[in-house]
Amino acid sequence: MASIRYREGKGRPWEVRWRDPGGRQRSRSFKSKRDAEKHQRITTSCEELGTIWEPSVARQPPDLRDVMVWYLKRVAATRARQTTLNYGSTLDRLLDFLGEGATTDDVTGDTVADFYAHVRAEGVSLGTARGYVTRVERFLREAWESEAWGEWFRRPTRLRLPKVPRQHIEAATWAECDRVLHWLETTQVPHGNHHRRMMGPGKSFRWHRDALLIQRYTGLRIGTCLGLRIGTCLGLLWSDVDLGRATLHIRADNDKVRWSRTVPVPAALVDELAGWGRREGFVVRVHEGCKRVQQGTVLRKAWEGAGVRERVWKRRTTHALRRAYISGMRGLGADEAAVRYLVGHSPDVHHGYVDWRALPLEATVGLVPVVGAGEDVAALGRREVSG
């Protein structure tokens, strides 16, 4: 059984002692108690298996890709699919930087700093580079703390990075959102060979039909007075909609922050949903092959065609609508906690002690002007909500 003792005054005061299966006394010293305890577990496991522990320099170091696969499986078990893909993309960048066939020996104390300098030299923005570094540091720490790979990694240190300067964020107005939604509903854009190639051979692409689909789920973001995320809108099922009670249930598996909640739906949306045909499956039916074209191209054309200022939607064609909703609600004097509840901002980060049942949700929803009609939003006024 391996044991630990502390020797005061030594450069490496924590000493682990154990015996090999042959009875030979062995020892190894460490700077921290945590490293010593980790080594104690490893040598104890070797004793139980009847094997002889050897330092990593005497053995073939494991392939770094194998460690990354192990880590990504752990990430996938607890994180959303897109988060796992982001981690995988970052680790692929790290592997390309270190070179194909890299082993754990190629990860040194300067690896993270060198990787950061490399991605910045490639023109990656400061905010994106900080995200890369954060994911790499989490990977290295979890690998170091694990019993399976811990002995092959040095104790990771956190790299101090410059902070991203705060930028002035400008949101679209209600009138601009109205023009965008009206453009999506009324404009027909001719299709071309480029879009045929993206759809695949033998498939037609009718822009006016797909623009109507875009209008519907963007309407679910703005017109419903909820400001939902685009992924949540596309994942809504008819079973989530209660037209009789005028409510919408947002499932935990259909929300970015895994927050299950029920929100009121304005009468205008209830009337619209009632005429959407078959009430089964997904509320918003979007052809799988059209999603990328619609989000990346149709919405950009809509913002441009509606004559909206580029700085409020460039590189964020879908999120700009959600941002406009939050900004617009604040301008209308809506209850801040109610707005957070409706849009789905994480309850753990924002006001975890708020009693959501006491919030004026229906009154908050009723503050939003009807948009998408192509009229002057200011002239529409606010709808009165009883109760």
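Above this text is the structure in question.
Below is a summary of the structure that appears in this document.

1. A short note on a positive patch on the surface
- Taken together, the side chains of Arg79, Arg138, Arg158 and Arg160 make up a positively charged region of the molecular surface.
- Relative accessible area serves as the criterion here: at 41%, Arg79 is assigned to the partly exposed category.

2. Some remarks on the packing of aromatic side chains
- The final tally for this structure, using the stated rule, is eight aromatic pairs.
- Between Trp174 and Tyr325, the aromatic rings sit 6.3 Å apart at their centres with planes inclined by 85°, giving edge-to-face as the arrangement. Remark: Tyr325 occurs in helix H12 (residues 319–331) and Trp174 occurs in helix H6 (residues 174–186); sequence separation between them is 151 residues. Assigned by exposure class, Trp174 and Tyr325 land together as buried.
- Taken together, the aromatic side chains of Tyr71, Tyr87, Phe139 and Phe153 make up a single cluster linked through ring pairs.

3. A short note on the sheet that holds strand S3 (residues 25–30)
- Spatially, the three strands line up as an open sheet ordered S1-S2-S3, and their pairing is antiparallel. Only two strands of the sheet have a single neighbouring strand rather than two, namely strand S1 (3–6) and S3. Pairs of neighbouring strands in the sheet enclose a mean axial angle of 25°, with direction left out of account.
- For S1 and strand S2 (residues 14–19), the ladder comprises four bridges, and the chain directions are antiparallel. Bridge pairing in S2 places Tyr6 opposite Trp14.
- Each of S1, S2 and S3 is contacted by helix H1 (residues 33–49), which is oriented at about 5° to S2, the strand it contacts most.

4. Focus on the packing of helix H2 (residues 64–78) against helix H3 (residues 81–98)
- Running from N to C, H2 and H3 cross one another at 170°; their axes reach a closest spacing of 10 Å. Taken as axis vectors, H2 and H3 run roughly antiparallel relative to one another. Contacts from Leu64, Arg65, Met68, Tyr71, Leu72, Val75 and Ala76 in H2 reach Thr84, Tyr87, Gly88, Leu91, Leu94, Leu95 and Leu98 in H3.

5. Some thoughts on the environment of Pro264
- Positionally, Pro264 belongs in strand S6 (residues 261–264).
- Given a relative accessible area of 11%, Pro264 falls into the buried group.
- For Pro264, the residues in contact, after removing those within four places along its chain, are Leu226, Ala246, Thr247, Leu342, Leu361, Glu362 and Val365.

6. Regarding the side chain of Arg323
- You can see Arg323 is positioned in helix H12.
- Once residues lying within four places of it in the same chain are set aside, the contact partners of Arg323 are Ile169, Glu170, Ala171 and Arg316.

7. Some points on H2
- Here H2 contains 15 residues, and its C-alpha end-to-end distance of 22 Å stays within 8% of the 21 Å for a straight helix at 1.5 Å per residue.
- If you follow the buried residues of H2, they end up packed against H3 and helix H5 (126–145).
- Capping the start of H2, Asp63 holds a side-chain oxygen 2.8 Å from the backbone nitrogen of Arg65, two or three residues further along.

8. Points about the pattern of salt bridges
- Tallied over the entire structure, the rule returns 17 salt bridges.
- Ionic pairing is found between Glu170 and Arg311, a salt bridge with its closest N-O pair at 2.7 Å. Here the residue Glu170 occupies a position in the loop between H5 and H6, and Arg311 occupies one in the loop between helix H11 (291–305) and H12, the gap between them amounting to 141 residues.
- On the basis of relative accessible area, Glu170 is assigned to the partly exposed category, the value being 23%.
- Assessed through its relative accessible area of 53%, Arg311 is described here as exposed.
- Its salt-bridge partner being Asp255, residue Arg229 comes within 3.8 Å of it at the nearest N-O pair. In this pair, Arg229 is assigned in the loop between helix H8 (207–219) and helix H9 (230–234) and Asp255 in the loop between strand S5 (247–250) and S6, connecting sequence segments 26 residues apart.
- Residue classification places Asp255 among the buried residues on the basis of a relative accessible area of 3%.
- Through salt bridges with shared partners, one network takes in Glu170, Glu176, Arg309 and Arg311.

What counts and how
Sequence order sets the numbering: in each chain, residues are counted from 1 along the sequence as written. Totals for whole chains, interfaces and linings use every residue, but because this is a predicted model, local features are given only for residues with pLDDT of at least 70 and side-chain atom pairs only at 80 or more, for both listing and counting. Heavy atoms throughout the structure, all of them, feed into the side-chain values; hydrogens and water do not. A patch consists of residues exposed above 30% relative accessible area that lack any salt bridge, with like charges linked at up to 9 Å and nonpolar side chains (Val, Leu, Ile, Met, Phe, Trp, Tyr) linked at up to 5 Å. Note on areas: Shrake-Rupley with a 1.4 Å probe; residue coverage comes only from the protein chains shown. The term salt bridge refers to a side-chain nitrogen of Lys or Arg lying within 4 Å of a carboxyl oxygen of Asp or Glu. Only four residue types enter the tally: Lys and Arg on the positive side, Asp and Glu on the negative side; His and the chain ends are excluded. In plain terms, the charge of a residue is placed at NZ if it is Lys, CZ if Arg, CG if Asp and CD if Glu. Exposure is judged per residue with a 1.4 Å probe applied to protein chains only, and the accessible area is read against the type maximum: over 50% gives exposed, under 20% gives buried, and values in between give partly exposed. Classification of ring pairs rests on two measures: the distance between centres of Phe, Tyr or Trp rings, Trp counted by its six-membered ring, which must be within 6.5 Å, and the angle between planes, read as stacked under 30 degrees, edge-to-face over 60 and tilted in between. Working definition: helices are DSSP H or I runs of at least four residues, strands are E runs of at least two. Numbering for both runs from the N terminus. In short, DSSP must find at least two bridges between two strands for them to pair. In this analysis, axes come from line fits to C-alpha atoms, helices being fitted only over the stretch in contact, and the angle between any two N-to-C directions falls in the range 0 to 180 degrees. Residue contacts follow a heavy-atom distance rule, with two residues in contact if any of their heavy atoms lie within 4.5 Å. With respect to orientation, any angle under 35 degrees is reported as roughly parallel, any angle over 145 as roughly antiparallel, any angle of 65 to 115 as roughly perpendicular, and every other angle as oblique. A helix is expected to span 1.5 Å for every residue after the first. Between N or O atoms, a polar contact is any pair within 3.5 Å; within protein, one atom must be a potential hydrogen donor and the other a potential acceptor, and residues adjacent in sequence are included only when both atoms are from side chains.

No statement about biological role is implied by the geometric values presented.
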